[in-house]
Amino acid sequence: MPSQFSRRSLIRGLTTATVTLSLAGGLAACGGDSDAATTTGPAGTVTVGRQSNGAAKETVLKVSEVKSISAELPASVRKSGKLVIGVGALPSGSAPLNFVGSDQRTLTGSEPDLGRLVAAVLGLEPEIRNSTWENLFVGLDSGKVDVAFSNVTDTEERKKKYEFASYRKDNLAFEVLKKSSWNFDGDYENLAGRTVSVGSGTNQEKILLEWKAKLATEGKKLTVKYFPDQNASNLALSSGKIDAFFGPNPGVAYRARQTADTPHPTRSAGSFSGAGATLQGLIAATAKKDSGLAKPLADAVNHLIDNGQYAKWLAAYNLSDEAVPRSQVNPPGLPLDNS
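About the thresholds
All chains use their own residue numbering, which begins from 1 and follows the written sequence. Totals for whole chains, interfaces and linings use every residue, but because this is a predicted model, local features are given only for residues with pLDDT of at least 70 and side-chain atom pairs only at 80 or more, for both listing and counting. Hydrogens and waters are ignored; side-chain quantities use all the structure's heavy atoms. Only DSSP runs of H or I reaching four residues or more are called helices, and only runs of E reaching two or more are called strands; each is numbered from the N terminus. For every residue, the accessible area (1.4 Å probe, protein chains only) is compared with the maximum for its type, and the residue is labelled buried under 20%, exposed over 50%, or partly exposed between those bounds. What makes two residues a contact is simply this: any of their non-hydrogen atoms within 4.5 Å. In this scheme Phe, Tyr and Trp rings, the latter by its six-membered ring, pair at centre separations within 6.5 Å, and the angle between planes marks the pair as stacked below 30 degrees, edge-to-face above 60, and tilted otherwise. Salt bridge, as used here, is a side-chain nitrogen of Lys or Arg placed within 4 Å of a carboxyl oxygen of Asp or Glu. Throughout this description, a polar contact denotes any pair of N or O atoms lying within 3.5 Å of each other; where both atoms belong to protein, one of them has to be capable of donating a hydrogen while the other can accept it, and for residues adjacent in sequence the pair is counted only when both atoms sit in side chains. Residues belong to one nonpolar core when they are buried, are Ala, Val, Leu, Ile, Met, Phe, Trp, Tyr or Cys, and are joined through side-chain atoms within 4.5 Å. The pairing criterion for strands is at least two bridges between them, as found by DSSP. Think of it like this: strands point away, you trace from the first strand over the helix to the second, and a clockwise trace means the crossover is right-handed. The length a helix should cover is 1.5 Å for every residue beyond the first.

The next thing to look at is the overall build of the chain. Across its full length, the chain holds 11 helices and 14 strands. Each of the 339 residues in the chain was classed as buried or not, and the buried ones make up 56%. Relative to all contacts within the chain whose residues are 6 or more apart in sequence, the contacts with residues 24 or more apart total 77%.

Right under this line is the structure:
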């Protein structure tokens, strides 16, 4: 486990990568999956932003079971008394979405916290299981976890195996050093000659590789690089090994705020919908297809929307601009062919 240092001393002289890791609290890269602390607060409450080390404003929310919604659950889940929530945050997480908190134990971030809120509405005890991104889907396939709350984009390809309950807009962004003059400007042609990193197996990778293929047909080159975790991508950006990182907008915005007073400040160089040019992307709770979980999950999110807890959850993580008016079951997602 990395040692905890004060925020002030960290910001004073470390690299962008180290600052991001330390402010987030860090994650231990110990194996493919692990259990994480699931404490939610006193009975009838969920504490949002617990142990978040400044990534969120800690907020205690009152949430009670809604029996008309919990009655919709599959009998096996209702009988178990718990909602097993998968989060793909190993090895190092990505604040403010998911990361190990300042106690070096609690998995915190906007994603697991929404899972805890939904579990409370369903009258279930949340059990958080942390894994790598790849093993997140293995967990769903095997039944090891019931649902993923892990910034998963609703896509038509994924609907072949999974069902969705949307809960947040999916916006992507390009992160560059603040001193860079490059901007995306919504035009993939501006990527010609650039080197960009992206997470493997993500919808942003799919979009970026399609742009790379388009540029290749025009005789232009886009170099795509992969790194083992977010911290390695941050370091590559700060050292000039890549021109930009393409990933979830919440993480890009968070790092821009946290690196503002460091030797290598970053900024957003433009955003793009996670569902392509013609559709607003959506992040969704993800369960195995035909599990019977999508509807109660959506109804639980809509209850949180109607009663104000949803807005407070987003506000705690500075994500209010990614709010959706309603949760939908299996809404249109990133098309099979986004070209």
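There is more to say, and it comes next.
Any aromatic ring pair is given by two values, namely how distant the centres are and how the planes are angled relative to each other. In the structure shown here, the tally under the stated rule is 13 aromatic pairs. Between the aromatic rings of Trp133 and Phe137, the centroid separation amounts to 5.2 Å while the plane-to-plane angle is 80°, which identifies the pairing as edge-to-face. Remark: Phe137 and Trp133 occur in helix 6 (residues 133–142); sequence separation between them is four residues, near one turn of the helix. Take Trp133 and Phe137: they sit in the same class, and that class is buried. Aromatic side chains Phe174 and Trp182 sit 5.5 Å apart centroid to centroid with 75° between the ring planes, which places their arrangement in the edge-to-face category.

This next bit is on unusual backbone geometry. The amide bond that connects Leu90 to the next residue, Pro91, takes the cis arrangement and shows omega of 10°. Its location among the elements puts Pro91 in the loop between strand 4 (82–90) and strand 5 (99–100). Cis geometry marks the peptide bond from Ala95 to Pro96, where omega comes out at 5°. As for its position among the elements, Pro96 is in the loop between strand 4 and strand 5. Here the phi dihedral of Asn53 falls at roughly 55°; this positive angle occurs in a residue that is not glycine. One can find Asn53 in the loop between strand 2 (45–48) and strand 3 (59–62). By relative accessible area, Asn53 is classed as partly exposed at 26%. For Asp290, which is not a glycine, the phi torsion comes out positive at approximately 65°. Since its relative accessible area comes to 67%, Asp290 is described here as exposed.

Pairs can form between side chains of opposite charge once their charged atoms are near each other. Summed over all chains, the structure comprises 17 salt bridges. Between Lys82 and Glu127 there is a salt bridge, and its shortest N-O distance comes to 3.0 Å. With Lys82 in strand 4 and Glu127 in strand 7 (residues 125–132), this pair connects stretches of sequence that are 45 residues apart. We classify Glu127 as buried; its relative accessible area is 18%. Two residues, Glu127 and Arg129, come together in a salt bridge whose shortest N-O distance is 2.8 Å. Each of the salt bridges in this network shares a partner with another, and the network as a whole consists of Glu72, Lys295 and Asp299.

The element helix 8 (residues 230–238) is largely enclosed, with a buried count of seven among its nine residues. Along helix 8, the residues that are buried comprise Gln230, Asn231, Ser233, Asn234, Ala236, Leu237 and Ser238. Put simply, Asp229 is the residue that caps the front of helix 8, since its side-chain oxygen is 3.2 Å from the backbone nitrogen of Asn231. Just downstream of helix 8, Gly240 is the residue with a positive phi angle, here 85°.

Moving on, we come to the nonpolar core. In this structure, Leu117, Val118, Leu122, Phe149, Leu297 and Trp313 are the most contacted members of the largest nonpolar core, which totals 46 residues. For this core, the elements supplying multiple residues, two or more each, are strand 2, strand 4, helix 5 (110–121), strand 9 (162–177), strand 14 (281–288), helix 10 (294–306) and helix 11 (309–316). Dropping the residues within four chain positions of it, Leu297 is found in contact with Val118, Leu122, Val147, Phe149, Ala165 and Ala285. With 21 residues, the next largest nonpolar core counts Phe174, Trp182, Val198 and Ala275 among its residues.

So, about the pairing of strand 10 (residues 195–198). Successive residues of a regular strand alternate their side chains across the two faces of the sheet. Here strand 10 shows a buried face lined by Thr195 and Ser197 and a second buried face lined by Val196 and Val198. Where strand 10 and strand 11 (residues 223–225) come together, three bridges link them in parallel fashion. What sits directly across from Ser197, in strand 11, is Lys225. In terms of handedness, the path from strand 10 via helix 7 (residues 203–217) over to strand 11 forms a crossover that is right-handed. Relative to strand 12 (residues 244–248), strand 10 is paired through three bridges, and the arrangement is parallel. The residue of strand 12 that forms the bridge with Val196 is Ala244.

Turning to its location among the elements, Thr45 is positioned in strand 2. Thr45 gets classed as buried once you look at its relative accessible area, which sits at 14%. Taking the C-alpha atoms as reference points, Thr45 and Val60, 15 residues apart in sequence, are found 6.5 Å from one another.

On to helix 5. Given a rise of 1.5 Å per residue, 12 residues ought to cover 16 Å, and the 17 Å separating the end C-alpha atoms of helix 5 matches this to within 8%. Turning to helix 5, its buried residues are Ser110, Glu111, Pro112, Asp113, Leu114, Gly115, Arg116, Leu117, Val118, Ala119, Ala120 and Val121. Downstream of helix 5 by one or two residues, Gly123 has phi in the positive range, about 70°.

Read these as layout, nothing more, since geometry by itself doesn't imply function.
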